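Architecture and fold: a report
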Amino acid sequence: HVTDALLAVGHQKHFTTYYWLIENAKWSWFKVAQQLTQLIISVFPRTEWNLIIDDCICPRSSKKAPEVKYHREHSQKPNRPQYIWGQQWVALGVSLTWRNMCVCLPLLLRLHKFVGNRTKITTALVLIKAVLNLFYKTGEEQIRCLVDAWYMKGTFILPLLARGINVVGQVRWDTALFGKVKPVPKTLRKKGRPQKYGNKFTADVVQTLPIHQTVLNIYGGPKQILYRSTRCLARFLKGQEVIAVWCQLPEQKNWTLILSTDLSLTPEHIIKLYARRWKIEPMFNEIKHSYGVAQAWEQTSQNVHRWVSMLCVAYSLTRMLSLLVTPSDDEK
């Protein structure tokens, strides 16, 4: 895969020089990702940044590949087994909108190690911490993290809230949500620990919430959306106040529950932000099959990360150039 890339772009030195750069040279692929992040910030400056965390699996046949293990295949395709042997990558991307386009650029991809007490959540937190300070230029920047249902856990959200990062993501429909406690006069208070949660938002209580209807341009085109929303307390976040949005697409039978820790957002904005999280899925497909991440093979974990970081830079530069040359609606 490295030789194919060199033949595609042309090489001025011997092949061993480039292989030596990947295998034995002293340079950090984390520094490369930070330089890429600074380039994106300088070319597309803004005060609101939406990061995306997700993971993907690259199938492998070798038992000696770095960090390989059996993984559950969530795509449930009929031509694939339920569990496959491969490498799991945890990815950090940034959702970028420019004119009438929206893309996801990969900042960091890291192999998930299955030794020690490390989980995908700890790996994702390390990726965010590596580039977080680069987004703060004036101190007024707002940073959000868009995730799917697997990462909507207290061990992931609470450390981000402590760093000033809000989270928007889907949760289970039976997530324990409660209303606020009504203030009680001191003379009527009972002995013991004060009440922390109010009435629970059960299915019957949610049915009583008013239904709103709107048309949003998400998932490739305008769609008519039905939604309910309210402010509540999430028990898995230790009583953190959130905005809960129950939404339903035209082709859906069940309602989807989305939570946002950013209380300044409207329900329509929350639905649009969560729809932008889907941009990381076509990004996975392109960098795996078109840019060679699925064929990336090195004997050590460090060499794999170095080569994949180069592929992320190549993909991001290509997408950035496509955004810059795209004419606006006034120029068409």
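Structure first, text after, so check above.
Conventions adopted
- Residues numbered from 1 in each chain as written.
- Predicted model: local features only at pLDDT ≥ 70, side-chain atom pairs only at ≥ 80, totals over all residues.
- Heavy atoms only, no water.
- Helix = DSSP H or I, 4+ residues; strand = E, 2+ residues; numbered from the N terminus.
- Core = buried A, V, L, I, M, F, W, Y, C linked by side-chain atoms within 4.5 Å.
- Buried < 20%, exposed > 50% of the residue type's maximum accessible area, 1.4 Å probe, protein only.
- Salt bridge = Lys/Arg side-chain N within 4 Å of Asp/Glu carboxyl O.

**What about unusual backbone geometry?**
Phi at Y219 is positive, roughly 55°, even though this residue is not glycine. Tracing the backbone shows Y219 in the loop between β8 (212-218) and β9 (221-234). The phi dihedral of K238 is positive, around 60°, even though this residue is not glycine. One can find K238 in the loop between β9 and β10 (240-248).

**Details of the nonpolar core**
Within the largest apolar cluster, 51 residues are counted, with the highest numbers of intra-cluster contacts made by I40, I53, L92, C145, F156 and L177. Counting 40 residues, the second largest nonpolar core, distinct from the first, contains W89, A91, A296 and W307.

**Concerning the pattern of salt bridges**
Scanning the entire structure with this criterion turns up eight salt bridges. E48 is the salt-bridge partner of R144, the closest N and O atoms lying 3.5 Å from each other. Here R144, found in strand β5 (residues 142-147), pairs with E48, found in strand β1 (residues 48-59); they are 96 residues apart in sequence, far enough to count as distant. For R144, a relative accessible area of 1% translates into the label buried. Overall, E48 belongs to the partly exposed group, its relative accessible area being 36%. Across the pair R172 and D174 runs a salt bridge whose closest N-O atoms are separated by 2.7 Å. The exposure class assigned to R172 is exposed, which follows from its relative accessible area of 57%. Its relative accessible area of 37% is what places D174 among the partly exposed residues. The network of salt bridges with common partners includes E48, R144 and D262.

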